[in-house]
Amino acid sequence: MSGLAMPKPDAETLRRRSEIVADMRIIVPGEGVVDAANEMRAFESDGLTAYRQVPLVVVLPETVAQVSRLLKYCNDRNIRVVPRGSGTSLSGGALPLEDAVLLVMSRFNRILEIDFPNRIVVAQPGVTNLGITSAVEQEEFYYAPDPSSQIACSIGGNVAENSGGVHCLKYGLTANNVLGIEMVLMNGEVVRLGGGHLDAEGYDLLGVMTGSEGLLGVVTEVTVRILKKPETARALLIGFPTSEQGGQCVADIIGAGIIPGGMEMMDRPAIHASEDFVRAGYPLDVEALLIVELDGPGVEVDHLITAVEAIAIRNGSTTCRISQSEQERLSFWAGRKAAFPAVGRISPDYYCMDGTIPRKELPRVLAGMRELSQKYGLGVANVFHAGDGNLHPLILYDANVPGELDKAESFGADILRLCVKVGGVLTGEHGVGVEKRDLMPEMFNQVDLDQQMRVKCAFDPNHLLNPGKVFPQLRRCAELGRMHVHRGQVAFPDIPRF
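Thresholds applied
- All residue numbers refer to position in the chain's written sequence, counted from 1.
- With the structure being a predicted model, the display of local features is reserved for residues of pLDDT at least 70 and the display and counting of side-chain atom pairs for 80 or more, all residues being used for whole-chain, interface and lining totals.
- Computation of side-chain values covers all heavy atoms of the structure but excludes hydrogens and water.
- What counts as a helix is a DSSP run of H or I of at least four residues, what counts as a strand is a run of E of at least two, and both are numbered from the N terminus.
- Atoms counted for the radius of gyration: C-alpha only. Globule rule: 2.2 Å times the number of residues to the power 0.38.
- The buried label applies to any residue whose accessible area, calculated with a 1.4 Å probe on protein chains only, is under 20% of its type's maximum; exposed applies above 50%, and partly exposed to all values in between.
- Any pair of residues with heavy atoms lying within 4.5 Å of one another is described as a contacting pair.
- Helices are assigned an expected span. That span is 1.5 Å times one less than the residue count.
- Axis angles are defined between N-to-C directions and span 0 to 180 degrees, where every axis is a line fitted to C-alpha atoms and, for a helix, only to the segment in contact.
- For classification, angles of less than 35 degrees are called roughly parallel, those exceeding 145 degrees roughly antiparallel, those between 65 and 115 degrees roughly perpendicular, and all remaining angles oblique.
- Each crossing gets its handedness from the near helix: less than a right angle anticlockwise from the far helix is left-handed, clockwise is right-handed.
- Following the grouping adopted for this structure description, the nonpolar residues are Ala, Val, Leu, Ile, Met, Phe, Trp, Tyr, Cys and Pro, the charged ones are Asp, Glu, Lys and Arg, and the polar ones are all others, Gly among them.
- Pairing of aromatic rings covers Phe, Tyr and Trp, the last through its six-membered ring, and needs centres within 6.5 Å; plane angles under 30 degrees mean stacked, over 60 mean edge-to-face, and all others mean tilted.
- Two strands pair if DSSP finds at least two bridges between them.
- To count toward a patch, a residue needs a relative accessible area above 30% and no salt bridge. Like charges then connect within 9 Å, nonpolar side chains (Val, Leu, Ile, Met, Phe, Trp, Tyr) within 5 Å.
- All accessibility values rest on the Shrake-Rupley procedure with a 1.4 Å probe; residue burial counts only the protein chains present in the view.
- By convention in these notes, a salt bridge is any Lys or Arg side-chain nitrogen within 4 Å of a carboxyl oxygen on Asp or Glu.

Section: the overall build of the protein
The helix and strand tally for the protein stands at 17 helices and 19 strands. Computed over its C-alpha atoms, the radius of gyration of the protein comes to 23 Å, within 12% of the 23 Å expected for a compact globule of 498 residues. With the principal axes as the frame, the protein shows a C-alpha extent of 65 × 60 × 60 Å. For the protein, with 498 residues in total, the buried portion stands at 55%. Once local pairs closer than 6 in sequence are excluded, the contacts in the protein between residues at least 24 apart make up 72%.

Below is the structure:
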């Protein structure tokens, strides 16, 4: 992991590896412990394959009791733990450490309850995102968040990263669709947050956990909201001569008060790669392609299609196809869903970024990315959730060419700096992990980062859960200082304390 600063391995933990592996086999008997170096290679990275590290040992528990015992064992002996779901993270959030137990939750793969009257599903964290929809679609229900990796990514990982997808514009991210979780703290304590109801009283700890990237606890059960499939869903495939015109069309659609079920945009390189891969019927003579899906009652959808078509024409669209069947609508999305693997066919390697900007800044940021592409001499293909400004630039490079990976990383960092400069944020759904860790000061000052660290310390005071991720400086809780009490009076005495 050259060039990436990670916590220094604990020599005592490494020395006791054989003992730790033997104890892990007692906690998780059978085939739940993997300790052979060649077998652990399968777990050495997540979707951000630029960084790799073989873990101390891989453990695949099957019960909550095993997770609780494992975490308490590690907490009592000062052993680091890295939680992992399906390993589809694109930010290095599940990157192992040399001296850490890699806690893999893939065997937690059962749906525990389906409650159609209350529109909820209770699932273990290893159930795939698409698996939830597959379990309820016979009753015309579905689970709304749909990342491109939904066939493989796990619902527990979705909670860790607050994942979204093409339909998050109208139906929200994971945070808007998770009602409750069961989790295990680093000390082995099992707690529940929320449940099969809308909101829990008190502090929004469920909101804190969603998107916490495995730094606060290990999720062992998830309760999600399911939705009834809309009466009608149709999509428009709209081509533009420039990306700026496509970006302006996105802003105008939202400005008109229209909230599509999904609104995605692709530029020329992504269009051509996807069409060659899927044959979805995309136009090849445009610079930008917008997919706009409208859903709801049939009459409303027909009205909105007419309105969106008029907005597209005003923005100079040169082509517009409206899906006439469910099969055609799905074919529009097939190319977008396959865009990432499609781009992999036109470049030896690509580096997938994830930043979010205000919608009105789309034209400016797209122009800025073109300038950066020329500066670094690397191509870029753009695929993004246009409706909520979540960009996914794919930087094209060849890892076999010396220095190209470094250039790709610098290019990506400059894209994220541009996102923050125009009022956006470093990530929309991929998380910070190790990829954006050292860019956190671009967005947060030291006071902000210290406050975030205090939340970490409340859950994991010894910094044993997923260390080296998210925070740009490797610090300890003691370094944050203590609350100052003057003459028995604490600051803000009206705030309840526990």
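Topic: helix 9 (residues 243-255)
The end-to-end C-alpha distance of helix 9 is 18 Å, a good match for the 18 Å that 13 residues give at a rise of 1.5 Å each. If you check which residues of helix 9 are buried, you get Ser-243, Gly-246, Gly-247, Cys-249, Val-250, Ala-251, Ile-253 and Ile-254. Lining the buried residues of helix 9 we find helix 7 (168-171), strand 12 (232-240), strand 13 (262-267), strand 14 (288-296), helix 11 (298-314) and helix 14 (362-376). Gly-257 lies just past helix 9 and shows a positive phi near 85°.

Some remarks on the packing of helix 9 against helix 11
Look at helix 9 against helix 11: their axes get within 9 Å of each other, and the N-to-C directions meet at 140°. Of the possible angle classes, the one that applies to helix 9 and helix 11 is oblique. Crossing handedness for the pair helix 9 and helix 11: right-handed. Two secondary-structure elements touch here, helix 9 through Cys-249, Asp-252 and Ile-253 and helix 11 through Val-308, Ile-311 and Ala-312. Looking at the contact of helix 9 with helix 11 residue by residue, the class counts come to 5 nonpolar, no polar and 1 charged.

Concerning the packing of aromatic side chains
Throughout the structure, instances matching the rule amount to 3 aromatic pairs. Both rings, one in Phe-116 and one in Phe-141, keep their centres 5.3 Å apart while their planes meet at 35°; by these two values the pair is tilted. Taken together, the residues Phe-116 in the loop between strand 5 (111-115) and strand 6 (120-123) and Phe-141 in strand 7 (residues 141-142) connect sequence positions 25 residues apart. Here Phe-116 falls in the partly exposed class, since its relative accessible area comes to 23%. For Phe-141, a relative accessible area of 6% puts it in the buried group.

A word on the pairing of strand 18 (residues 380-385)
A large share of strand 18 lies buried, amounting to 6 of its 6 residues. Both faces of strand 18 are covered, namely the face carrying Val-380, Asn-382 and Phe-384 and the face carrying Ala-381, Val-383 and His-385. Relative to strand 18, strand 13 is paired through 2 bridges, and the arrangement is antiparallel. From the neighbouring strand, Met-266 faces strand 18, where its bridge partner is Val-383.

Looking at a nonpolar patch on the surface
On the surface, Tyr-203, Leu-205, Val-208 and Val-455 cluster together into a nonpolar patch covering about 330 Å² of accessible area. Summarising the element assignment, Val-455 is placed in helix 17 (residues 446-459).

Re the pattern of salt bridges
A side chain of one charge can pair with a side chain of the opposite charge if their charged atoms are brought near each other. Across all of its chains, the model carries 28 salt bridges by this definition. For Lys-456, the salt bridge identified is with Asp-460, shortest N-O distance 2.7 Å. Across the pair, Asp-460 and Lys-456 agree in class, each one buried. Because the salt bridges share partners, they merge into one network encompassing Lys-375, Asp-414, Arg-417 and Glu-442.

Considerations on the sheet that holds strand 9 (residues 190-194)
Pairing is antiparallel in the open sheet, where 5 strands are placed in the order 5-6-10-8-9. Bordering the open sheet on either side are strand 5 and strand 9, each of which pairs with just one other strand. Averaged over all adjacent pairs, the angle separating strand axes in this sheet is 10°, with direction ignored. Packed on one face of the sheet, helix 4 (residues 64-76) meets strand 8 (178-184), strand 9 and strand 10 (218-225) and runs near 55° to strand 8. The strands that helix 5 (residues 129-136) touches are strand 5, strand 6 and strand 10; relative to strand 5, the one it contacts most, it runs at about 45°.

All we've got here are geometric facts, nothing functional implied.
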